[in-house]
Amino acid sequence: MSQQSLIKVNQNGQYGRQNFTSPPKLDLEVVNQELAQADAHTLVKWGYATFGEGLVMSTSFGIQAAVMLHLVTTVVPNIPVIWVDTGYLPAETYRFAEELTERLRLNLKVYQSSISPARMEALHGRLWAENNADALNRYDQIRKVEPMQRALKELGAKAWLAGLRKDQTDHRKSLNRISQQSGIYKILPILTWNARDIYQYLTAYNLPYHPFFDLGYTTVGDWHSSRPLTAEDENERDTRFHGLKQECGLHLPQTDGQAQSLDSSSL
């Protein structure tokens, strides 16, 4: 399967959108080889040309969220942007989300757990405070994974753009730029970027960091499971989930066997 068979290019050399009632069947090994040297914008263009209205993206409105939000919406301005709001985010995150949504005119789709924070705590306790991976995994399944799976289904997602980078977690080091997760294609435009690339992009387009960056945070999620980076931390993700795991599960395969990997887990 050649790259030309997957995309349409007009006379001006621009990618054209194709409409599909079901996702195309891709030879992932071939596609990853052909797009290995493509820059981030080109990969987003390819994603839209290949999956059309079935292309979505996700954001956590984290420290460097403005990079992917800007990069993707310059190519696909009205792309559905999925935000899983756990109900436990810092006030600064909500204000940052509002700022970026207005500035970039995001087509924001907010999803939350069907169980309110108060109800969850009444039925299951303060799961994040139990200091064990099993409790954190249950928390993540309720507040993050289930809402994301519902969002992908309701929005008819065929492919999902995410801002994962290899230098973030052990799991992410093994990822390809294009893969499949639970039947949906996953596209990672900035997978090989590093902190310098992120800084240069933010500076070039005068984009903001999350306000917690100035407080020493390199990654931020829920208020109860995030803290600033210290000299003792070996990895920036050590500052999340009390150091018990690296991923929240959103970017992990959800087969029965692989679900156990939530403790090496994603946001």
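Just so it is clear, the model here is predicted, and its values are computed rather than measured.

On to the packing of helix α3 (residues 65-73) against helix α8 (residues 195-204). At a minimum axis distance of 10 Å, the contact between α3 and α8 shows a crossing angle of 60°. Taken together, the axis directions place α3 and α8 in an arrangement best described as oblique. In terms of crossing hand, the pair formed by α3 and α8 is left-handed. Between α3 and α8, the contacting residues are Ala66, Val67, His70 and Leu71 on the first element and Ile198, Tyr201 and Leu202 on the second. Across the contact of α3 with α8, the residue classes tally to six nonpolar, one polar and no charged.

Okay, the environment of Gln149 next. Looking at the element boundaries, Gln149 is found in helix α6 (residues 133-154). Overall, the relative accessible area of 37% leaves Gln149 in the partly exposed class. C-alpha of Gln149 to C-alpha of Tyr111: the two residues are 38 residues apart in sequence and 9.9 Å apart in space.

Glancing now at the pattern of salt bridges. With the rule as written, the count across this model stands at three salt bridges. Asp222 is the salt-bridge partner of Lys144, the closest N and O atoms lying 3.9 Å from each other. Residue Lys144 is located in helix α6, and its partner Asp222 is located in the segment after α8; the two are separated by 78 residues in the primary sequence. Of the two residues, Lys144 and Asp222, both sit in the buried class. A salt bridge links Arg150 to Glu146, with the nearest nitrogen and oxygen atoms 2.9 Å apart. Placement of the pair is Arg150 and Glu146 together in helix α6, with a separation of four residues, close to one helical turn.

What follows is about the side chain of Gln181. With respect to the helices, strands and loops of the structure, Gln181 is situated in strand β7 (residues 178-181). On the basis of relative accessibility, which here comes to 11%, the residue Gln181 falls in the buried class. Reaching out from Gln181, the side chain makes a polar contact with the side chain of Lys186 at a distance of 2.8 Å.

Take the packing of aromatic side chains next. Across all of its chains, the model carries twelve aromatic pairs by this definition. Aromatic rings pair up to connect Tyr88, Trp128, Tyr139 and Trp223 into one cluster. Above the face of the Trp160 ring, Lys186 is positioned so that its terminal group lies 4.1 Å from the ring centre.

On to α6, then. Side chains that are three or four residues apart share a direction in an α-helix, a result of its 3.6 residues per turn. Its 22 residues place the ends of α6 30 Å apart at the C-alpha level, agreeing with the 32 Å of an ideal helix rising 1.5 Å per residue. Considering bend angle alone, the principal kink of α6 is centred on Gln141 and spans about 45°. Here α6 starts with a cap whose side-chain oxygen sits 3.1 Å from the backbone nitrogen of Asp134, and that cap is Asn132.

Taken as a whole, the protein chain shows an average pLDDT of 81; of its residues, 75% reach a score of 70 or greater. Across residues 244-252 the pLDDT falls below 50, and counting only partners more than four positions away or on other chains, this stretch makes 69 contacts in the model. For residues 254-267, every residue scores under 50 in pLDDT, and the model assigns this stretch 47 contacts once sequence neighbours within four places are set aside.

Glancing now at the sheet that holds strand β5 (residues 107-111). Ordered in space as β5-β4-β3-β6-β8-β7, the six strands form an open sheet in which the pairing is mixed. Of all the strands in the sheet, the pair left with one neighbour each is β5 and β7. For this sheet the average axis-to-axis angle between neighbouring strands, irrespective of direction, equals 35°. As judged from the five bridges shared by strand β4 (residues 80-84) and β5, these two strands associate in the parallel manner. Counted as the bridge partner of Pro80 is Asn107 from β5. Across the sheet, helix α2 (residues 40-51) touches β3 (55-59), β6 (159-161), β7 and β8 (184-187), and the angle it forms with β8 is around 160°. In the packing of α6 onto the sheet, the strands contacted are β3, β4, β5, β6 and β8, and the crossing angle to β4 comes to about 160°.

Thresholds applied
- Residues numbered from 1 in each chain as written.
- Predicted model: local features only at pLDDT ≥ 70, side-chain atom pairs only at ≥ 80, totals over all residues.
- Heavy atoms only, no water.
- Axes fitted to C-alpha atoms, helices over the stretch in contact; angles between N-to-C directions.
- Helix = DSSP H or I, 4+ residues; strand = E, 2+ residues; numbered from the N terminus.
- Parallel < 35°, antiparallel > 145°, perpendicular 65-115°, else oblique.
- Left-handed = near helix turned anticlockwise from the far one by under 90°.
- Contact = heavy atoms within 4.5 Å.
- Nonpolar A, V, L, I, M, F, W, Y, C, P; charged D, E, K, R; others polar.
- Buried < 20%, exposed > 50% of the residue type's maximum accessible area, 1.4 Å probe, protein only.
- Salt bridge = Lys/Arg side-chain N within 4 Å of Asp/Glu carboxyl O.
- Polar contact = N/O pair within 3.5 Å; in protein donor to acceptor, adjacent residues only side chain to side chain.
- Phe/Tyr/Trp six-rings, centres within 6.5 Å; stacked < 30°, edge-to-face > 60°.
- Lys NZ or Arg CZ within 6 Å of the ring centre and 35° of its normal.
- Expected span 1.5 Å × (residues − 1).
- Bend = angle between axes of the 7 residues up to and from the residue.
- pLDDT = per-residue confidence, 0-100.
- Pairing = 2+ DSSP bridges.

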